[in-house]
Amino acid sequence: MAASLKLPLVPAAFFGMVLGLSGLANAWRVGARIWQLPAVIGEVLTFVTVAVWLVLIVLYLLKWMVAREEAFKEVAHPVQCCFIGLVGVATMLVAAGLLPYSRIGAETIFLIGAAYTLAFSVWRTGGLWQGERDIATTTAVLYLPSVAGSFVTAIVGAALGFPEWAKLFFGAGFFAWLAIESALLHRLLTGPALPLPLRPTLGIQLAPPAVGALAYIGVIQGPTDILVHAMIGYGLLQALIMIRLLPWITKEAFSPAYWAFSFGATALATAPMRLIERGDTGPVAQLAPILFIAANIVVGIVAVATIRLIVSRKLVIGWTDLPPRDAGAIGQG
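The rules behind these values
- Residues numbered from 1 in each chain as written.
- Predicted model: local features only at pLDDT ≥ 70, side-chain atom pairs only at ≥ 80, totals over all residues.
- Heavy atoms only, no water.
- Helix = DSSP H or I, 4+ residues; strand = E, 2+ residues; numbered from the N terminus.
- Contact = heavy atoms within 4.5 Å.
- Patch = residues over 30% accessible without salt bridge, like charges linked within 9 Å, V, L, I, M, F, W, Y side chains within 5 Å.
- Areas by Shrake-Rupley, 256 points an atom, 1.4 Å probe, with all protein chains shown as cover.
- Salt bridge = Lys/Arg side-chain N within 4 Å of Asp/Glu carboxyl O.
- Buried < 20%, exposed > 50% of the residue type's maximum accessible area, 1.4 Å probe, protein only.
- 1 Å grid on protein atoms, 1.4 Å probe; cavity = no way out; pocket = protein on both sides within 12 Å on 5 of 7 lines; lining within 4 Å.
- Points joined across faces, edges and corners; volume = space filled by probe spheres on them.
- Axes fitted to C-alpha atoms, helices over the stretch in contact; angles between N-to-C directions.
- Parallel < 35°, antiparallel > 145°, perpendicular 65-115°, else oblique.
- Left-handed = near helix turned anticlockwise from the far one by under 90°.
- Nonpolar A, V, L, I, M, F, W, Y, C, P; charged D, E, K, R; others polar.

A. Spatial organisation of the environment of Val211. Here Val211 is to be found in helix H9 (residues 207-219). Spatially, the C-alpha atoms of Val211 and Leu268 are 7.3 Å apart, while their sequence positions differ by 57 residues. Beyond its immediate chain neighbours, meaning those up to four positions away, Val211 contacts Phe151, Val152, Ile155, Phe263 and Ala267.

Right, here's the structure in full:
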């Protein structure tokens, strides 16, 4: 049936496009407030984000309807499975983008996305804690269910007027980040080198401190403190390490996996801009224009390369060649 319909079997990882586009749209919205940039750019990017999200949601649901075997393979895969959490994260970011146009609609979409994200995070983390994983499959995608999910819930929840709930989710994301980062760095330092198709996923490593900084800014009142500056500083260090690793990472030909860099890059640009709104005039304020330009370059390059793949009908992800060695354990979770 799937073959007769010729539907593209959209991987959940494609929702990373929504994260990058949404992050850039938010950066432009903040830029319109602090630098008087054209407000229309942020709004156009917001509706492009919504359109991409709608297309992906429809195609992803159709995959479960007409190609369920392929969908279950993704769930059982030791790497691709974590990207399924992006469905909820992308949904919450869309809700934030629509807030100026419909509060009721934004709250409804947010609650659906938040419930999905929390449920998937608990289920997936419970599966991971059962062990039986090959250390070679431990990658930065492990951040997605609990860290990205919790931080984005905090960001959007605070924007919608639920600061107390947002504080709880910030705490969940913050401590999950510290715990997972320890395990991930141990694997990177002592385990085998990442296979070529997985190297672009290291871009996710940039996201936790930057997205966490945005979440923290959202939940605190009044002047910012040392923690948010420390998180941005750590994000800058991660960015420099990513630049140093680019020759090693880009040995892998371009694929949508490179969207992994986009959410962290846009968050690292937006966090200092939000601090400027709070009256910050320190180094982060001086770096903000540079980071904003860099974020636009990152998303622009990845978006253009993705469009070229779409035009040439080569929009594929090459992670399926990784053996799902812990598929049984995942299924038991």
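B. Region of interest: a nonpolar patch on the surface. Nonpolar side chains collect at one region of the surface, where Val40, Ile41, Val44 and Val48 lie side by side and expose about 300 Å² of accessible area between them. Looking at Val48, the relative accessible area reads 36%, which means it is partly exposed.

C. Molecular detail of empty space enclosed by the protein. This structure, assessed with the given rule, holds one cavity of 30 Å³ or more. For the largest cavity, the calculated volume is near 220 Å³. Considering the residues around the largest cavity, the lining is formed by 21 residues, among which Leu19, Leu86, Leu144, Ile204 and Ala260 are closest to the centre. Where the lining of the largest cavity is concerned, the elements lending two or more residues are helix H2 (16-34), helix H7 (143-159), H9 and helix H11 (260-277).

D. Structural detail: the pattern of salt bridges. Enumeration over the complete set of coordinates arrives at seven salt bridges. Between Glu164 and Lys167 there is a salt bridge whose closest N-O contact spans 3.3 Å. Of this pair, Glu164 and Lys167 both sit in helix H8 (residues 163-190), three residues apart, which is roughly one turn of the helix. Judged by its relative accessible area of 53%, Glu164 falls in the exposed class. Across the pair Arg274 and Glu277 runs a salt bridge, and its minimum N-O distance is 3.1 Å. Of this pair, Arg274 and Glu277 both sit in helix H11, three residues apart, which is roughly one turn of the helix. According to the relative accessible area criterion, Glu277 is partly exposed, its value standing at 34%.

E. Structural context of the packing of H8 against helix H10 (residues 226-249). In the contact formed by H8 and H10, the axes pass within 15 Å of each other and the chain directions differ by 40°. In terms of orientation, H8 and H10 fall into the oblique class. Here the hand of the crossing between H8 and H10 comes out left-handed. The segment H8 lies against H10, with Phe170, Phe174, Trp177 and Glu181 engaging Leu227, Met231 and Tyr234. When grouped by side-chain class, the residues that make up the contact of H8 with H10 number six nonpolar, no polar and one charged.

The analysis is restricted to geometry; functional conclusions fall outside its scope.
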